[in-house]
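# Structural description and commentary
Here is what each chain is made of, one letter per residue.
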Amino acid sequence: MMEKTKSPEESRKLLDKITFDLTRSIVKRDELTHFWYFILVMFAAVGLWGWGIQIRDGLGVTGMRDYVSWGMYIANFVFFVAVSLIGFLISSSLQLLKISWSKPISRVAEQIAIAAVALAGIIIVMDMGRPDRFLNVFLHGRFASPIIWDVTVVTTYLTISVLLYYIPLIPDLALLRDRGGDDIPKWKMQVYKILSLGWKGNDKQYKLVAHSMRVLMILILPVGLSIHTVTSWLFAATLRSGWDTTIFGPYFVAGAFVAGAAAVVILMYAYRVRYRLGDYFEELHFDYMGKLLVFVCLVYLYFNINEFWVPAYKMKTAEGIHLRTLFTGSYAPMFWSAQMLGLILPILLMLFPFFRKPLPLTIISVFVLIASWLKRYIIVVPTLEHPFLPVQNVPDYFKHYSPTSIEIMITIFSFMAALLIITVLAKMFPVITIWEYAEEKGIDKEILAEPKK
Amino acid sequence: MKIKLLVVAILFLAQQGMAQEWLVPEDQKNIENPSEYNLANVKKGKDLYLLNCKSCHGDAGKNNGLPLVPPPPDVTSDQMQANTEGELFYKITHGRGGMPQFETTLSEDDRWRLVNYIRNYSPDTEALLVEEPPKKAKVLASVNEAERVVEVFAEYQNKDSVYVALAETPITIGAQKAFGILPIGEVLTNNEGRAEYAIPETLIGDEQGMVTLVIDLGEGFITEDVVLDASKVGQPKPTPVLIKEEVLWSTNDNIQTWLLLSYLAAVLGAWGTIGYVVFQIFKISRAGKEE
C-alpha cells in the first residue's frame, strides 16, 4: 500500500515531522526517565546481589533439591525463549508474506527478541551451580545432547536477531547523523557516526540492505523454529509424566507466539503513550495485533486441549497423578487461572472490536503475559515433583518445591535486565524504522539522503 | 585401657538414653487389628518379616540387628513388645529416621500381618509359631559340570547324638551374586538323605560363565552353608557397555554419524549464512566510499 510519491516540498516537510516524532525517545530525558532507570537498575542490582549470595553459598540457597532440580530459573528461561520467538513471527514471517501493517512493529518485535533471548542465555548461567565452568559446555559438550543443541541455537538466534535489528538500522543511523538536531547528546551522535558505516544512501547500498535482510529473514525461519522446538526437547526427550509427549515442539512454538505477541502489544502501547507515537502505532495496528493474538491463542488452545485432554482420557498411573495435581490438586489454582484468565477469556474478549482498542488490548495482554509465565512454571515444576519411584526417607522439603527469596530476586533481575536492554535500545535508536516508514509514505530516497539545511 | 572402655561405654549409653521416645498419636494407639491372629496370618507375617525387616532387625530372639543409632530392636525385645498393636502399625507405616516407612511399599493388610507376627512373641499371647530347637546337621555337596547337576548329601544329629540321613527336607540352591545369594531352586532329599538338583540352562554366571553355588539347609538346622566355588555351569554374562554403543544419547566417541553430520551441517549452514551477511555489511560500508 505504498503511497504515491510526493513532491519534494511536501516530502521534506513530512520527513521533518517523522524524524522529529521518531527521535523523541532519543532526545527526551526528564524526571520520569531518570526514575525509570533508577527503578530498573536498583532491582537489577538487588538481583545481582542475590546471585552473589548464590555463588558464595551454592545452589542450596534455592528451593531446588534432589527431586525438583529445575525450578523457577528454568521456567523463567523457557518463558524468555518463548517471548523471543516473536521476532521470528513479526520481523520475518509477516514481512516475507508482505503484510505491510506489521512493518512499523517489526523493530519493536526485534527489540523484544534481542532482550529476551539474551536474558534466556544469562538465566541459564545463573542456574548453574558452578558458572565458572560455563565454558565446559562448549569444550566438552556432547553433540548428542539436546542441551548442546539448545545452547547452539540460542546463541545463533541471538546473533541473527542482533543483525536483523542492526542492518535496517544503518540508514536510520545515517539519517540521524545527517539530520539529527542539537538536542541529541554528542556522544550519541558519535555512536551514530561510527555505526552508520559511512552510509551514503546510494542504490547499491539499499540493494545490499534489502538483500541481507532477505537472507536473514529466511535464515531466521528454521533457526527460530528450532530455538523453541529444541527447548521443548529438553523436556520431551525424557520419560517423565507430563513431558513425555510428541506435540511438545509445536505446543511450545504456539505458546511462544502467544507470549511474544502480548509482549509486543504492551511495548507498543508504552511507546505510543510515552513517546506520543499515536500516529505511528495506530488503532489499526492494535486491532491487527489483537486479531493476531486471537489467532495464535486459538492455535495454542487447540494444542492445550490435545496436551491435557488426551492423557486425561487415559489417566495412566503416573500421568494420572500428575494431571490430578494440575486439575484438582495443589497446582489447580495456578493451572486454571492461567488457562481461563490467560487464554480462554482473552480469546472471547478479543473477538469484540472494543477489546482490540489500544488500552483494553494492552490490559488483556498483561494478563496473557503473566499467564504465559505461570504456564511455563506449571510445565517445569509439577512433573519433577512426581518421580516414578516412591519418594522415601527424605526430609519434607525435598518433596515439594517452592522458590526461595534468592530465586525470586534473581528472577526479578532477569525482568529488570530485559526491560533495561529494551529501554537502552529505545533511548539510543528510533523505535520505528524511519527510512522504511518514509518510503511507505511516498518520500523519495533522494530526500532522505539530503543533509540538514 | 579400662578407662577408655568405660568412656566408650558411657558415651554409648548416653546416646541410647538420648534416643527420643517415639510418640504415636493418641487416636492411633488403640486401633484394632483387622486381621485375625491365627497361624496363617502369623506365617505370612513371618515371610514378610524375612523379606522386609530381617536385614535390619535381625533374627527373632538373637539380638543381631544392624548396629544403627538408635538400633532396630529385636522383635522379641521388651521395647518392641511394649507397643500396642496400633502403635506397631503406626510405626511400621510411617517409619522414623533409620526405620523406613512402609506405607507405600506394603499393603495395609500386610502391615497388620507383620503386627501379628510380632505379637507371636508377646508374653501376653499364646505363641502360634513354635520353632523347634535347631538340630546339628552336615551337608556335603558337589557339582557335576558335565551334566550340570548338583549332588547333595545331608545328615543330622538325632536324639541319640548319632548322625543319620536327613530325609524329605528341602534344600535351597543359590548362586553367589555381587549383592548376596540369589536363590535359584529347591530340592527335597530322598530317604537316603540325597538329592540331585538340575541347574537351569538359563543361569547366568560371570563373564566366563562361572557360578559360585551355595547350598543351604535352611532354618532349623545348625550347619555351615556349602559353597562350591566357581563351577562352569552358567551362561557367560553379557556385558554391554551401553555408552560404548552407537545410541542416540551416547558420548562424542560413539555418536551416531548421521546425528553428528546433521548437527554440524545445521551449525555450518546457519553460521556460514551469518558470515555471509556480515560480509554484506562490509560491502555496505565499502559502497559508501564509492561515488
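Residues numbered from 1 in each chain as written. Chains lettered and ligands numbered in written order. Predicted model: local features only at pLDDT ≥ 70, side-chain atom pairs only at ≥ 80, totals over all residues. Heavy atoms only, no water.

## Quick notes on the overall build of chain B
This is how it is decided: We count a stretch as a helix when DSSP gives it H or I for four or more residues in a row; a strand needs E for two or more, and each element gets its number in order from the N terminus. Contacts are residue-level and defined by heavy atoms, with any inter-residue pair within 4.5 Å sufficient. We score Asp and Glu as negative and Lys and Arg as positive, and we do not count His or the chain ends. Each charge is placed at NZ for Lys, CZ for Arg, CG for Asp and CD for Glu.
In terms of regular secondary structure, chain B is built from 8 helices and 9 strands. Expressed as lengths along the three principal axes of its C-alpha atoms, the size of chain B is roughly 120 × 65 × 55 Å. Considering only residue pairs separated by 6 or more positions, chain B has 52% of its internal contacts joining residues 24 or more positions apart. Charge separation in chain B, taken as the distance between the mean sites of 26 positive and 41 negative side-chain charges, equals 6 Å.

## Comments concerning the environment of Ser161(A)
All names here are of chain A. Definition in use: Exposure classes here rest on a 1.4 Å probe applied to the protein chains alone. A residue is buried below 20% of its type maximum, exposed above 50%, and partly exposed in between.
Inspection of the secondary structure assignment puts Ser 161 in helix α8 (residues 146-166). Judged by relative accessible area, Ser 161 falls into the buried class, the value being 0%. Taking C-alpha positions, Ser 161 is 25 Å from Asp 21, a pair spaced 140 residues apart along the chain. Aside from chain neighbours lying at most four places away, what touches Ser 161 is Glu 110, Ala 113, Ile 114 and Ile 220.

## Things to note about unusual backbone geometry
Residue Pro70(B) follows Val69(B) across a cis peptide bond; omega there is -10°. By the element assignment, Pro70(B) lies in the loop between α4 (54-57) and α5 (78-81). A positive phi angle is found at Met315(A), which is not glycine, with a value near 50°. Inspection of the secondary structure puts Met315(A) in the loop between α13 (283-314) and α14 (317-327). In the Ramachandran plot, Asn63(B) falls in the positive-phi region, its phi being about 50° despite a non-glycine side chain.

## Details of the packing of aromatic side chains
All names here are of chain A. Basically, it comes down to this: Planes of paired rings set the category: under 30 degrees apart is stacked, over 60 is edge-to-face and the rest tilted, where pairs are Phe, Tyr or Trp rings (Trp by its six-membered ring) whose centres lie within 6.5 Å.
The full count for this structure, using the stated rule, is 38 aromatic pairs over all chains. Taken together, a centroid distance of 4.9 Å and an interplanar angle of 15° make the contact between Trp 101 and Tyr 288 stacked. With Trp 101 in the loop between α5 (86-96) and α6 (106-126) and Tyr 288 in helix α13, the pair connects residues that are 187 residues apart, well separated along the chain. Residue classification places Tyr 288 among the partly exposed residues on the basis of a relative accessible area of 33%.

## Notes on the UniProt feature "transmembrane region" (unreviewed entry) in chain B
This is how the line gets drawn: UniProt positions are given in the numbering used here, feature names are shortened, and annotations may be inferred rather than shown by experiment.
This chain's UniProt record puts "transmembrane region" (unreviewed entry) on residues 258-279 of chain B. Secondary structure content for residues 258-279 of chain B is 100% helix and 0% strand, and the end C-alpha separation is 31 Å.

## A look at the pairing of strand β1 (residues 135-144) of chain B
All names here are of chain B. Stated formally: In this analysis, strands are considered paired if DSSP registers two or more bridges between them.
Pairing of β1 with strand β8 (residues 221-222) involves 2 bridges; the strand directions are parallel. Bridge pairing in β8 links Lys 136 to Ile 222. Here β1 pairs with strand β2 (residues 149-157) via 8 bridges, running antiparallel. Counted as the bridge partner of Val 143 is Val 150 from β2.

## Brief notes about the sheet that holds strand β9 (residues 226-232) of chain B
Residue and element names in this part refer to chain B. Counted only if it meets this: Orientation is described by axes fitted as lines to C-alpha atoms, over the contacting stretch for helices, and by angles from 0 to 180 degrees between their N-to-C directions.
Across the sheet, which stays open at both edges, the 4 strands sit in the order β5-β4-β7-β9 with antiparallel pairing between neighbours. At either end of the open sheet lies a strand with only one pairing partner, and these are β5 (180-188) and β9. Between one strand and the next, the sheet's axes are offset by a mean angle of 30°, whatever the strand orientation. Inspection of the sheet shows strand β4 (residues 170-177) paired to β5 by 8 bridges, in the antiparallel sense. Directly across from Gln 176, in β5, lies its bridge partner Ile 181.

## A few points about the domain arrangement of chain B
Using the following cut-off: These domain boundaries are the output of an automatic or database domain assignment.
Partitioning chain B into structural domains gives domain 1 (20-119), domain 2 (137-232) and domain 3 (252-290). Summarising the inter-unit geometry, the C-alpha centres of domain 1 of chain B and domain 2 of chain B are found 32 Å apart.

## As for the pattern of salt bridges
All names here are of chain A. The condition that has to hold: Here, a salt bridge means any Lys or Arg side-chain nitrogen found within 4 Å of an Asp or Glu carboxyl oxygen.
Evaluation of the coordinates by the stated rule reveals 20 salt bridges over all chains. Across the pair Glu 9 and Arg 12 runs a salt bridge, and its minimum N-O distance is 3.3 Å. Placement of both Glu 9 and Arg 12 in helix α1 (residues 8-22) is noted, with a separation of 3 residues, approximately one turn of the helix. Owing to a relative accessible area of 57%, Glu 9 belongs among the exposed residues under this scheme. Judged by its relative accessible area of 26%, Arg 12 falls in the partly exposed class. Notably, a salt bridge pairs Lys 399 with Asp 396, separated by 3.3 Å at the nearest N-O pair. Within this pair, Lys 399 and its partner Asp 396 are both found in helix α17 (residues 396-399), separated by 3 residues, close to a single helical turn. On the basis of relative accessibility, which here comes to 31%, the residue Lys 399 falls in the partly exposed class. Its relative accessible area of 58% is what places Asp 396 among the exposed residues. If you follow the salt bridges from partner to partner, you end up with Lys 17, Asp 21, Arg 24 and Asp 279 in one network.

## What to know about the interface of chain B and chain A
Interfaces are frequently sized by the accessible area removed from exposure as the parts join. We count it as follows: Reported buried area values correspond to the accessible surface (1.4 Å probe) lost by two parts on association, with both partners' losses combined. Under the rule applied, a polar contact is a pair of N or O atoms within 3.5 Å (in protein, one hydrogen donor and one hydrogen acceptor; residues adjacent in sequence only if both atoms are side-chain atoms). Only Asp, Glu, Lys and Arg are considered charged, only Ala, Val, Leu, Ile, Met, Phe, Trp, Tyr, Cys and Pro nonpolar, and every remaining residue, Gly among them, polar.
With 32 residues of chain B at the interface, the matching set in chain A holds 34 residues. Note on chain B versus chain A: buried area summed over both sides is about 2,600 Å², and carbon and sulfur give 68% of it. On the surface where chain B and chain A come into contact, there are 0 salt bridges. Linking chain B with chain A are 8 residue pairs in polar contact (both at pLDDT 80 or more), by the criterion used here. Here the residues of the side of chain B that touches chain A sort into 18 nonpolar, 10 polar and 4 charged.

## Side note on a nonpolar patch on the surface
Residue and element names in this part refer to chain A. Note the cut-off: Distance thresholds for patches are 9 Å for like charges and 5 Å for nonpolar side chains (Val, Leu, Ile, Met, Phe, Trp, Tyr), applied to residues having over 30% relative accessible area and no salt bridge. For the accessible areas, the method is Shrake-Rupley and the probe is 1.4 Å, while residue cover comes only from the protein chains on display.
Residues Trp 336, Met 340, Leu 341, Ile 344, Leu 345, Leu 348, Leu 351, Phe 352, Leu 359, Ile 363 and Phe 367 make up a contiguous nonpolar surface patch of roughly 1,000 Å² in combined accessible area. Of all elements in the fold, only α15 (332-350) and α16 (358-385) reach the threshold of two or more residues within the nonpolar patch. When you line up the elements, Phe 352 lands in the loop between α15 and α16.

## Comments concerning the side chain of Ser84(A)
Residue and element names in this part refer to chain A. Turning to its location among the elements, Ser 84 is positioned in helix α4 (residues 72-84). By relative accessible area, Ser 84 is classed as buried at 0%. Those residues in contact with Ser 84, other than ones at most four positions away along the chain, are Ala 113, Ala 116, Val 117, Tyr 157 and Ile 227.

## Some details on the nonpolar core
All names here are of chain A. Just so we agree on the cut-off: We call a set of buried residues a nonpolar core when its members are Ala, Val, Leu, Ile, Met, Phe, Trp, Tyr or Cys and they connect through side-chain atoms within 4.5 Å of each other.
Grouped together as the largest cluster of nonpolar side chains are 150 residues, with contacts concentrated most on Ile 90, Tyr 157, Phe 235, Val 264, Tyr 271, Phe 281 and Met 289. Counting residues per element, this core draws most heavily on helix α12 (residues 248-274), which supplies 17 residues. In this view, Tyr 157 contacts Ser 84, Leu 85, Gly 87, Phe 88, Ala 113, Val 117, Ile 220, Val 223, Gly 224 and Ile 227; residues no more than four positions away in its chain are not counted.

## Here we look at the environment of Leu343(A)
Turning to its location among the elements, Leu343(A) is positioned in helix α15. Once the C-alpha coordinates of Leu343(A) and Leu301(A) are considered, the two residues, 42 residues apart in sequence, prove to be 7.2 Å apart.

## Re the confidence of the model for chain B
Residue and element names in this part refer to chain B. For clarity, the threshold we go by: Every residue is assigned a pLDDT by the predictor, reflecting its confidence on a scale from 0 to 100.
Per-chain confidence: chain B averages 85 in pLDDT, with 93% of residues scoring 70 or above. Counting interchain partners and residues more than four positions distant, the pLDDT-below-50 stretch residues 10-14 has 0 contacts. Two numbers describe this predicted complex: its pTM, 0.73, and its ipTM, 0.90.

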